[in-house]
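Residues per chain, in single letters:
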Amino acid sequence: MAKEKTVYTCTECGGTSPKWLGKCPACNAWNTLIESVADNGAVSKNRYSQQHQGLTKASELTVLADIEATDMQRTPTGHEELDRVLGGGIVEGGVVLIGGDPGIGKSTLLLQALDSLQRTGLSTLYVTGEESGAQVALRARRLGLDGSQVKVMAEIQLDKILATLDAHQPAIAVIDSIQTVYSDQLTSAPGSVAQVRECAAHLTRAAKASGVCIVLVGHVTKEGALAGPRVLEHMVDTVLYFEGDTHSSFRLVRAIKNRFGAVNEIGVFAMTEKGLKGVSNPSAIFLSQHSEPVPGSCVMVTLEGTRPLLVEIQALVDDGGPSPRRLSVGLDKDRLAMLLAVLHRHAGVACMDQDVFVNAVGGVRISEPAADLAVMLAIASSLRGKALPKGFLAFGEVGLAGEVRPAPRGQERLREAAKLGFSVAVVPKANAPKKPIEGLTIHAVERIEQALEVVRGLA
């Protein structure tokens, strides 16, 4: 009798190796290869042979212009900030992946959204793999969701979850979390790369086939990225990240990917005793309440998706000695070093022997270069020890040659600032409006040295 052939399979990624290795050659995980009996591949080896291909019928093709394209029907969740991030509400057959640090409010927000949806008459399902039904009920009582008719299922076995979805056909189902779900077809443990990929693929197929909107809760790694394979983010329609400090009462939900709406859209929530509540005027969070203007503070208007937000940029310049520090919170550290070099070369403001600390107030992260001008004016203000005038704001990208470049959708930024009572703005020349904006004096500049001259004239 022939000896059974064995292979070594990785419990993390499902990769195989003909011999045992300490490190998986596919995913580089250590001590994950387990010996198993190889499948008899006699049949599978020939399934893509020429004779088999000849027996298979080709799929029908459709011309793109003939396909009927209609806008996706959206169902509002009852939470305006969550709807904004989703692009208007939940979509039939859509798959949403939401990730964030432990305890930041993922389960709380989703339970509140499910309760709001079921009160409009929709069938909802909450599948929990991390808590018992009693724990979910306790949280619902704590949030004031008395008499909630949300259906709860404590289960981690994939086939049972799929059977329940098929039998009850809810409008929306939440899987909390995808890392706890496992399939019997794989031998690896729940949470491994292979299990997460397989379970997410089955749930995505079920959503597309049945029209159920499925929300997957995902864990994050210590670096802050979603745990599991990157293919998980490619499979789903929408990826949302919870941002913000767990010690702060404010949370940001940011859309990283959205097939049905704008990316980088953010929703702002405040954590209260009764759960997460949407913040209608988020600019108030990111502006410090100074009774009088202080040195080193400059307000800018940033765009988060389609929403203009006013954010205060603070800078502190202090004696640094022989090895000065450059530190930024909420802004790119490398960009800060570049802006300091431009400030020295083109505006004559030297910070070589100074510590420079820059912070975006309120825990918001600004990735767009339109913050450059505000950062440089805040640094110059702190170094001179003179505050910028009351009601002052600035935005614009600064190049290495010292030119001030325009920011996208400058008119919207200026209108938002005027609405909130700001009176003086320094902006790139290309962003200067053709018609004056009531209550706002606009100084259009082309170079960084011009911007500093304007500020000195105002102070």
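Just above, that's the structure.
These remarks concern the structure in this document. Please read all numbers here as calculations on a predicted model, not as lab measurements.

**Let's talk about the pattern of salt bridges**
For the coordinates displayed, the defined rule picks out 19 salt bridges. A salt bridge links Lys208 to Asp237, with the shortest nitrogen-to-oxygen separation between them at 2.5 Å. You can see Lys208 sitting in helix α7 (residues 193-210) and its partner Asp237 sitting in the loop between α8 (231-235) and β11 (238-243), a full 29 residues away along the chain. Classification of Lys208 as partly exposed rests on a relative accessible area of 44%. Lys429 is paired through a salt bridge with Glu446; the nearest N and O atoms lie 4.0 Å apart. Linking Lys429 in the loop between β22 (424-428) and β23 (441-445) with Glu446 in the loop between β23 and α12 (448-458), this pair joins segments that are 17 residues apart in sequence. The partly exposed category is assigned to Glu446, whose relative accessible area is 43%.

**Describing unusual backbone geometry**
Cis peptide bonds are those with omega within 30 degrees of zero, and the linkage from Asp176 to Ser177 qualifies with 5°. Structurally, the position occupied by Ser177 is in the loop between β9 (172-176) and α7. At Asn31, a position not held by glycine, the phi torsion is positive, near 55°. You can see Asn31 is positioned in the loop between β2 (16-17) and β3 (33-37).

**Some remarks on the pairing of strand β18 (residues 354-360)**
Two faces, one strand: in a regular strand the side chains alternate between the faces of the sheet. Counting buried residues in β18 gives five out of seven residues, a clear majority hidden from the surface. The pairing of strand β16 (residues 307-319) with β18 spans seven bridges and is antiparallel. Bridge pairing in β18 places Asp319 opposite Gln354. Each parallel crossover has a hand, and for strand β17 (residues 326-329) linked through helix α9 (residues 333-347) to β18 it is left-handed.

**Side note on the sheet that holds strand β1 (residues 6-10)**
In spatial order, the strands read β2-β1-β3; together these three strands make up an open sheet with antiparallel pairing. Taken across any chain shown, the strands that pair with only one partner, and hence form the sheet edges, are β2 and β3. The pairing of β1 with β2 spans two bridges and is antiparallel. Bridging from a neighbouring strand, Tyr8 pairs with Ser17 of β2.

**Quick word on the sheet that holds strand β14 (residues 275-278)**
One open sheet holds the nine strands; their spatial order is β8-β7-β9-β10-β6-β11-β12-β13-β14, and the pairing between them is mixed. Each end of this open sheet is capped by a strand with a single partner; those strands are β8 (151-154) and β14. In this sheet, adjacent strand axes meet at a mean angle of 25° when their direction is disregarded. Each of β6 (95-99), β7 (124-128), β9, β10 (213-218), β11, β12 (250-258), β13 (266-272) and β14 touches helix α4 (residues 106-119); the most contacted strand, β7, lies at about 155° to it.

**Considering the packing of α9 against α12**
α12 packs onto α9 with a crossing angle of 80° between their chain directions and a minimal axis gap of 9 Å. Taken together, α9 and α12 sit at an angle that is classed as roughly perpendicular. Packed against α9, whose contacting residues are Val342, Leu343, His346 and Ala347, the element α12 presents Ile448, Glu449 and Leu452 at the interface. Taken together, the residues that form the contact of α9 with α12 break down as five nonpolar, one polar and one charged.

**A word on empty space enclosed by the protein**
Inspection of every chain in the model, using the stated rule, returns three cavities of 30 Å³ or more. When its volume is computed, the largest cavity comes out at roughly 100 Å³. Along the walls of the largest cavity sit 13 residues, with Leu82, Leu86, Ile90, Leu110 and Val215 positioned nearest its centre. Those elements that provide at least two residues to the lining of the largest cavity are α3 (80-86), β6, α4 and β9. Considering each element in turn, the lining of the largest cavity owes the most residues, three residues, to α4. Class assignment of the residues belonging to the lining of the largest cavity gives a composition of 12 nonpolar, one polar and no charged.

**Some details on the nonpolar core**
If you look at the biggest cluster of nonpolar residues, it comprises 49 residues, and the most contacted ones within it are Ile313, Val358, Ile366, Leu373, Leu377, Ile379 and Phe392. Here this core takes eight residues from helix α10 (residues 372-384), the largest share from any one element. Excluding residues within four positions of it along the chain, Val358 makes contact with Ile313, Gln314, Ala315, Leu327, Ser328, Val329, Leu331, Leu336, Val375 and Ile379. Counting 30 residues, the second-largest nonpolar core is a separate cluster that includes Leu109, Ala113, Val150 and Val174.

**With respect to the layout of surface pockets**
The volume enclosed by the largest pocket comes to roughly 390 Å³. Taken together, 18 residues line the largest pocket, and the ones lying closest to its centre are Ser288, His290, Val299, Gly391 and Phe422. Grouping the amino acids of the lining of the largest pocket by side-chain chemistry returns nine nonpolar, six polar and three charged.

**Observations concerning the packing of α9 against α10**
Contact geometry for α9 and α10: axes closest at 10 Å, N-to-C directions at 65°. For the pair α9 and α10, the sense of crossing is right-handed. Together, Arg335, Leu336, Leu339, Leu340, Val342 and Leu343 of α9 and Asp372, Val375, Met376 and Ile379 of α10 make up the contact between the two elements. In terms of residue class, the contact of α9 with α10 is made up of eight nonpolar, no polar and two charged.

About the cut-offs
Residues numbered from 1 in each chain as written. Predicted model: local features only at pLDDT ≥ 70, side-chain atom pairs only at ≥ 80, totals over all residues. Heavy atoms only, no water. Salt bridge = Lys/Arg side-chain N within 4 Å of Asp/Glu carboxyl O. Helix = DSSP H or I, 4+ residues; strand = E, 2+ residues; numbered from the N terminus. Buried < 20%, exposed > 50% of the residue type's maximum accessible area, 1.4 Å probe, protein only. Pairing = 2+ DSSP bridges. Right-handed = clockwise from strand over helix to strand, strands pointing away. Axes fitted to C-alpha atoms, helices over the stretch in contact; angles between N-to-C directions. Contact = heavy atoms within 4.5 Å. Parallel < 35°, antiparallel > 145°, perpendicular 65-115°, else oblique. Nonpolar A, V, L, I, M, F, W, Y, C, P; charged D, E, K, R; others polar. 1 Å grid on protein atoms, 1.4 Å probe; cavity = no way out; pocket = protein on both sides within 12 Å on 5 of 7 lines; lining within 4 Å. Points joined across faces, edges and corners; volume = space filled by probe spheres on them. Core = buried A, V, L, I, M, F, W, Y, C linked by side-chain atoms within 4.5 Å. Left-handed = near helix turned anticlockwise from the far one by under 90°.

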